[in-house]
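Listed below, chain by chain, are the residues.
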Amino acid sequence: MSHVRSIPLLSKTLRSRFHRGARCWKLGQCRYQSSTSGAFQTRYDDDQDDVVSSFGQNGAFPNSIPEPNLDALPGPKTSMNLFTAINKTLDTALSTDPSAIVFGQDVAFGGVFRCTIGLREKYGAHRVFNTPLTEVGIAGMAIGYASTESTAIGEIQFADYIFPAFDQITNEMAKFRYRSGNQWNCGGCVLRMPCGAVGHGGHYHSQSPEGFLAGCHGIVVVMPRGPKSAKGLLLSSVRSKDPVIFLEPKSLYRAAIEDVPDAEYEIPLGKAEILHEGTDVTVVGWGAQLRTLAKACHIAQNKYGISTELIDLRTILPWDVQTIEKSVKKTGKLIISHEAPITCGFGAEVVATMQERCFLSLEAPIKRICGYDTPFPLVFEKHYLPDEYKNLEAILDVVEYSK
């Protein structure tokens, strides 16, 4: 089997990097002994209005990458779908970082969704290789390899199967930097995985686990909405000094097509994007749900004359509180929509925060338009999903309430 043949090559690479990692470990021990015990605990900075944490890059998050102007980037653009954009970005990561490796179930031949196609042939079996069917093993290997100051890009074949890896993610990946007093880390660790509804996935190939992951502080959770955002967000994730869970809406792999700049660019993590400005209602989503929300906002404007401000959260953890707050204080109304079940979905966190910060600005109760509190259904998928008509109804309701 190909993953067995790859093990000796990987072992050689790991041995060489282990010695470098061991030196860093000894140095870290000496520094940690002189550290103040509370020096790396999370604190809230009222002046900057953000969270400064020991898990962030250089001790702070969001990072300082500026938002790129994709229209102004030099060079040509290529029309491509989401899986091609992911593939091209992985190619860039491997070509610019000699320590980077890509691994997971079936990635050697391209993966179930073809996101890694051609990479093994280009970079060799020691850098792109299959693993056994063990999600906890993939996560654990990514953490260990990244801890040697190398770049590990692991693929979980479906986000529904991330749950066996939760121990490694919550107790190792998320706490690696914090428990060492910021002396060492597993930044450079990225776990990619397809998520969400696809039309025929049923219970075990349709889930969106971002709500579970959002309670795991010490990692970054990202979900792009299309090819352009996927390229910039994935490149930022790979080059980030924090471990990242990168959720890819599988329904968009071939459905979403955009003109993507050939030039390299990074999109800042922890920063939302306003897709179009409006004055009447703030509408927030992420991932594939943005396509649904765009349809609802289009109908609201053209048929009812309602001006909506549509925002893509992009990063679930840490999320951009300030952008949402500013918008809600302007419009006085807020709708959040996601595929995951409504109870304890990440939308609940957005609602609670905006209720605290924008209470006196609200003109109507905040609405969540989400999946139902049931296992993801197969034949009833269309009824389960929060489509554009459910969201349009919510837009009309909050506008009517505020009159």
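The structure this text deals with has already been given above.
These numbers come from a predicted model, not from an experiment. (Residues numbered from 1 in each chain as written. Predicted model: local features only at pLDDT ≥ 70, side-chain atom pairs only at ≥ 80, totals over all residues. Heavy atoms only, no water.)

Student: Please explain the overall build of the protein as it appears in this structure.
Tutor: Across its full length, the protein carries 13 helices and 16 strands. Residues classed as buried in the protein amount to 55% of the 403 residues present. By sequence separation, contacts in the protein at least 24 residues apart represent 82% of the contacts at least 6 residues apart. Within the structure as shown, the protein displays about 17,800 Å² of accessible surface, and the carbon and sulfur contribution to it stands at 55%. (Helix = DSSP H or I, 4+ residues; strand = E, 2+ residues; numbered from the N terminus. Buried < 20%, exposed > 50% of the residue type's maximum accessible area, 1.4 Å probe, protein only. Contact = heavy atoms within 4.5 Å. Areas by Shrake-Rupley, 256 points an atom, 1.4 Å probe, with all protein chains shown as cover.)

Student: Explanation requested: helix α10 (residues 321-331) in the structure shown.
Tutor: Think of an α-helix as 3.6 residues a turn; residues three or four steps apart then line up on the same face. Three or more residues of α10 are buried, namely Val 321, Thr 323, Ile 324, Glu 325, Ser 327, Val 328 and Thr 331. Looking at the buried side of α10, the elements it contacts are β11 (273-276), β12 (281-285), β13 (308-312), β15 (334-341) and α11 (346-358). Positive phi shows up at Gly 332, right after α10, with a value of about 80°.

Student: So what exactly am I meant to see when it comes to the sheet that holds strand β7 (residues 189-195) here?
Tutor: Backbone hydrogen bonds are what pair the strands of a sheet, in a parallel or an antiparallel way. Within the open sheet, the 7 strands sit side by side as β5-β4-β6-β7-β9-β8-β14. Their pairing is mixed. The open sheet has two edge strands, β5 (128-130) and β14 (315-317), and neither has a second partner. Averaged over neighbouring strand pairs, the angle between their axes works out to 20° when direction is ignored. Here 6 bridges tie β7 to strand β9 (residues 244-249), and the two strands are oriented parallel to one another. Note on β9: the bridge partner recorded for Met 193 is Leu 247. Relative to the sheet, helix α2 (residues 82-96) contacts β4 (101-104), β5, β6 (152-155), β7 and β9, its axis offset from that of β9 by approximately 150°. (Pairing = 2+ DSSP bridges. Axes fitted to C-alpha atoms, helices over the stretch in contact; angles between N-to-C directions.)

Student: Just checking my understanding: could you explain the packing of α10 against α11 for this structure?
Tutor: Helices that pack against each other are described as a pair by the angle of their axes relative to one another and the distance between those axes. Viewed as axis vectors pointing N to C, α10 and α11 meet at an angle of 60°, and their least axial separation amounts to 10 Å. Between α10 and α11, the interaxial angle falls into the category oblique. Like other packed secondary-structure pairs, α10 and α11 cross with a definite hand, here right-handed. Side by side, α10 and α11 meet where Val 321, Gln 322, Ile 324, Glu 325, Val 328 and Lys 329 of the first sit next to Val 350, Thr 353, Met 354, Arg 357 and Cys 358 of the second. Residues that form the contact of α10 with α11 fall into these classes: 6 nonpolar, 2 polar and 3 charged. (Parallel < 35°, antiparallel > 145°, perpendicular 65-115°, else oblique. Left-handed = near helix turned anticlockwise from the far one by under 90°. Nonpolar A, V, L, I, M, F, W, Y, C, P; charged D, E, K, R; others polar.)

Student: What am I meant to see in the sheet that holds β11 here?
Tutor: If you walk across this open sheet you meet the 5 strands as β11-β13-β12-β15-β16, and the pairing is mixed. If you trace the sheet from one side to the other, it starts and ends with β11 and β16 (367-371), each paired once. If you compare each strand with its neighbour and ignore which way they point, the axes differ by 25° on average. As paired elements, β12 and β13 share 5 bridges and run parallel to each other. Paired with Val 283 across the bridge in β13 is Leu 310. Along the sheet, α11 makes contact with β15 and β16, crossing β15 at roughly 155°.

Student: How do you make sense of the side chain of Thr 116 when you look at a structure like this?
Tutor: Within the element layout of this structure, Thr 116 appears in the loop between β4 and α3 (119-123). Classification of Thr 116 by relative accessible area gives buried; the value is 0%. Every residue in contact with Thr 116, bar those within four places of it in the chain, is listed here: Asn 87, Leu 90, Val 102, Val 107, Gly 110, Gly 111, Glu 155 and Arg 192.

Student: Is there a simple way to think about the pairing of β13 in this case?
Tutor: On a regular strand, each side chain points to the face opposite its neighbour's, so the side chains alternate between the two faces of the sheet. Buried residues dominate β13, accounting for 5 of its 5 residues. The alternating pattern of β13 places Thr 308, Leu 310 and Asp 312 and Glu 309 and Ile 311 on opposite faces, both of which are buried. Looking at chain direction, β11 and β13 are connected through 3 bridges and run antiparallel. The residue bridging Glu 273 from the neighbouring strand is Asp 312, located in β13. Handedness of the crossover is the feature at issue here: the chain leaves β12, passes through helix α9 (residues 289-304), returns alongside β13, and the resulting connection is right-handed. (Right-handed = clockwise from strand over helix to strand, strands pointing away.)

Student: In this structure, what is going on with the environment of Ile 299? I would like to understand it.
Tutor: With respect to the helices, strands and loops of the structure, Ile 299 is situated in helix α9. In this structure Ile 299 comes out as partly exposed when scored by relative accessible area, which is 23%. Through-space distance from the C-alpha of Ile 299 to that of Tyr 389 is 9.3 Å; in sequence the pair is 90 residues apart. Beyond its immediate stretch of four places on either side in the chain, Ile 299 contacts Tyr 304, Tyr 389 and Leu 392.

Student: Help me out: how do you make sense of the side chain of Ser 240 in this one?
Tutor: Position of Ser 240 relative to the elements: it lies in the loop between α8 (227-239) and β9. Ignoring any residue separated from it by four or fewer positions in sequence, one finds Ser 240 in contact with Gly 187, Gly 188 and Leu 269.

Student: Would you explain the pairing of β12 in this entry?
Tutor: Among the 5 residues in β12, 5 count as buried, and that is most of the element. Burial along β12 is two-sided: Val 281, Val 283 and Gly 285 facing one way and Thr 282 and Val 284 facing the other are all buried. Relative to β15, β12 runs parallel, the two sharing 3 bridges. When the sheet's bridge partners are listed, Val 283 is paired in β15 with Ile 335.

Student: Would you explain a nonpolar patch on the surface in this entry?
Tutor: Judged by side-chain polarity, Leu 378, Val 379 and Phe 380 come together as a nonpolar surface patch covering roughly 330 Å² of accessible area. With respect to the secondary-structure elements, Val 379 resides in the loop between β16 and α12 (381-384). (Patch = residues over 30% accessible without salt bridge, like charges linked within 9 Å, V, L, I, M, F, W, Y side chains within 5 Å. Salt bridge = Lys/Arg side-chain N within 4 Å of Asp/Glu carboxyl O.)

Student: Quick question: what am I supposed to make of the environment of Asp 312 here?
Tutor: By the secondary structure assignment, Asp 312 is in strand β13. The spacing of Asp 312 and Gly 287 is 25 residues in sequence and 7.8 Å in space, taken between C-alpha atoms. The contacts of Asp 312, once residues within four sequence positions are left out, are Arg 225, Ala 272, Glu 273, Leu 275, Gly 285, Trp 286, Gly 287 and Leu 290. Only 3.0 Å separates the side chain of Asp 312 from the backbone nitrogen of Arg 314, close enough to count as a polar contact. (Polar contact = N/O pair within 3.5 Å; in protein donor to acceptor, adjacent residues only side chain to side chain.)

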